[in-house]
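Residue-level listing of the chains:
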Number of protein chains: 2
Amino acid sequence: MRDDTPFAGTAVKSRAERRREDTRRRLMLATYTMIALRGADNLVIQDITEAADVGYGSFYNHFSTKDAIVDAVIDAARERSLSIYHAASAGFENRVEAFALELRMCLQQCLEDKTWAWYLVRTFKPGGGCRIGLFERLQRSIAAGTADGSFVCHDVEMTQAAIGGLLLIAALSMASSPMPEDYPERVAAEVLRQLHVPAQEIERVLNIPLPNTPIPPFLAHAA
Amino acid sequence: MRDDTPFAGTAVKSRAERRREDTRRRLMLATYTMIALRGADNLVIQDITEAADVGYGSFYNHFSTKDAIVDAVIDAARERSLSIYHAASAGFENRVEAFALELRMCLQQCLEDKTWAWYLVRTFKPGGGCRIGLFERLQRSIAAGTADGSFVCHDVEMTQAAIGGLLLIAALSMASSPMPEDYPERVAAEVLRQLHVPAQEIERVLNIPLPNTPIPPFLAHAA
């Protein structure tokens with residue numbers, strides 16, 4: 001086994017380690033795609049290993065159960081989204097600007113990546129909200145923005161449900177049919193109107209350019 | 001075979017006919033319950049006949065395929081809902097009153113019948129809307145009410161999506177956890193606020209009593 005480490009202190013991985021990570025990534029990518037296609041409920045380990053082109057027994061070198069790989073995929077998706085959106089909106093002190101930016105990025109990503117849109121739809125859970133954590137983040141932002149006067153809600157819980165429902169339907173629409181380019185912006189405008197953001201302010205925040213670094217597909221590269 | 005017909009012109013059914021209808025009803029009831037439990041996609045005919053306590057071969061005396069029984073259940077559910085809501089709201093000339101009454105009845109029914117709530121959630125389809133036809137009826141009412149000035153929408157399509165999404169989340173919530181008694185009325189109030197119905201008018205229409213004839217469970221009796 002070759003030692004690739006060129007410099008002291010850097011953590012360059014051995015070939016065996018990289019192969020191991022690639023197998024793990026392929027298993028997770030197959031699981032993610034299957035969740036997007038048909039939900040997390042009826043997964044079969046053999047289907048996952050076949051789609052990942054990995055021997056059945058290898059599965060257990062990485063995950064002890066089916067639930068363990070589903071949890072790993074959901075955690076990775078949650079961390080990925082939150083870090084992308086948080087990094088993009090961190091520079092904005094104005095709550096409406098930061099909220100609108102995250103919302104537009106999330107919608108734009110659904111328009112560009114149908115698998116991601118399906119994944120969000122399939123992992124949306126009643127009651128507990130979307131397991132990915134995006135729905136909880138949305139709910140917290142709405143509550144905090146209402147508390148500090150950035151947003152106006154008559155009944156916060158109902159407004160959260162209406163906005164969550166609108167985003168679910170928007171993700172479903174983008175997942176299942178080709179939607180026009182301006183669709184994400186129309187959805188974002190509707191969300192802001194529901195929060196009683198003034199029309200002029202809506203127009204202003206929707207004109208803030210989105211970061212133009214493309215978001216790579218989920219699990220496209222080894223972690 | 002006994003002839004039960006006591007009066008000329010009435011269509012009292014023969015015993016064989018009643019048994020046949022009862023078998024058909026039990027097959028449809030089992031299918032309805034399975035759709036509510038896990039959706040219409042992965043149904044197996046043998047599971048349906050076992051749940052209905054009907055011989056496997058009998059299935060084909062009533063339905064030629066699995067899709068045929070699913071369609072029959074969906075059609076029966078659509079007709080049932082539309083006739084109940086239409087009968088209840090037919091006496092109201094005021095559009096806001098009629099709309100609010102149908103909405104409240106639909107929500108109340110979800111609160112009281114979890115299987116029905118799950119059924120509505122599972123048959124909700126992206127794009128085409130809910131296969132049961134309720135979503136289309138909702139969309140038409142919103143569009144017509146906006147056209148005649150009963151409702152105010154900035155972007156009709158987005159308002160339809162937001163209200164549809166809110167009702168989907170409300171049905172999910174009522175299907176999956178026990179919700180307080182005032183939940184349907186809070187949801188209805190939010191829907192009317194989204195349509196910019198004035199607060200005083202919302203209060204007034206929510207105080208119109210619902211019809212107090214209980215709605216029997218779907219397919220409880222032979223058709």
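Described in the following lines is the structure provided in the data block.

Rules used throughout
- Residues numbered from 1 in each chain as written.
- Chains lettered and ligands numbered in written order.
- Predicted model: local features only at pLDDT ≥ 70, side-chain atom pairs only at ≥ 80, totals over all residues.
- Heavy atoms only, no water.
- Least-squares fit on C-alpha atoms with pLDDT ≥ 70 in both.
- Helix = DSSP H or I, 4+ residues; strand = E, 2+ residues; numbered from the N terminus.
- Buried < 20%, exposed > 50% of the residue type's maximum accessible area, 1.4 Å probe, protein only.
- Salt bridge = Lys/Arg side-chain N within 4 Å of Asp/Glu carboxyl O.
- Contact = heavy atoms within 4.5 Å.
- Polar contact = N/O pair within 3.5 Å; in protein donor to acceptor, adjacent residues only side chain to side chain.
- Buried area = accessible area lost by both parts, 1.4 Å probe.
- Nonpolar A, V, L, I, M, F, W, Y, C, P; charged D, E, K, R; others polar.

1. Concerning the relation of the copies chain A and chain B
Consideration 1: Of the two same-sequence chains, chain A is brought onto chain B (RMSD 0.0 Å, axial shift 0.1 Å) by a rotation of 180 degrees. The transformation just described matches what one would write down for a two-fold rotation axis. No C-alpha of chain A lies nearer the rotation axis than that of A:Gly165, which sits 1.8 Å from it.

2. With respect to unusual backbone geometry
All names here are of chain A.
Consideration 1: Not every positive phi belongs to a glycine, and Asp-53 is a case in point at roughly 55 degrees.
Consideration 2: Following the sequence through the fold, Asp-53 ends up in the loop between helix H2 (45-52) and helix H3 (59-62).
Consideration 3: Since its relative accessible area comes to 65%, Asp-53 is described here as exposed.
Consideration 4: In this structure, His-196 is a non-glycine residue whose phi angle is positive, near 60 degrees.
Consideration 5: Considering the arrangement of structural elements, one finds His-196 in the loop between helix H9 (183-194) and helix H10 (199-206).

3. Overview of the pattern of salt bridges
Residue and element names in this part refer to chain A.
Consideration 1: Applying the stated criterion across every chain, the model contains 26 salt bridges over all chains.
Consideration 2: Taking the shortest distance from any N to any O, the salt bridge between Arg-26 and Asp-22 comes out at 3.2 Å. Separated by four residues within a single helix, Arg-26 and Asp-22 lie in helix H1 (residues 15-38), roughly one turn from each other.
Consideration 3: Owing to a relative accessible area of 27%, Asp-22 belongs among the partly exposed residues under this scheme.

4. Here's the deal with helix H6 (residues 114-122) of chain A
Residue and element names in this part refer to chain A.
Consideration 1: Among the residues of H6, those classed as buried are Trp-116, Ala-117, Tyr-119, Leu-120 and Val-121.
Consideration 2: Where H6 is buried, its residues contact H1, helix H4 (66-89), helix H5 (95-112), helix H7 (134-147) and helix H8 (156-176).
Consideration 3: With a side-chain oxygen lying 3.2 Å from the backbone nitrogen of Thr-115, the N-terminal cap of H6 falls on Asp-113.

5. Overview of the interface of chain A and chain B
Consideration 1: The interface is formed by 25 residues belonging to chain A together with 25 residues belonging to chain B.
Consideration 2: Of the roughly 2100 Å² buried between chain A and chain B, counting both surfaces, carbon and sulfur atoms make up 65%.
Consideration 3: Our count for the chain A to chain B interface comes out at four salt bridges.
Consideration 4: In this structure, B:Arg186 engages A:Glu157 in a salt bridge whose closest nitrogen and oxygen atoms are separated by 3.3 Å.
Consideration 5: Inspection of the chain A/chain B interface yields seven residue pairs in polar contact (both at pLDDT 80 or more).
Consideration 6: Residue assignment for the side of chain A that touches chain B shows that the elements contributing at least two residues are H8 and H9 of chain A.
Consideration 7: Of the residues belonging to the side of chain A that touches chain B, the class tally is 13 nonpolar, seven polar and five charged.

Read these as layout, nothing more, since geometry by itself doesn't imply function.
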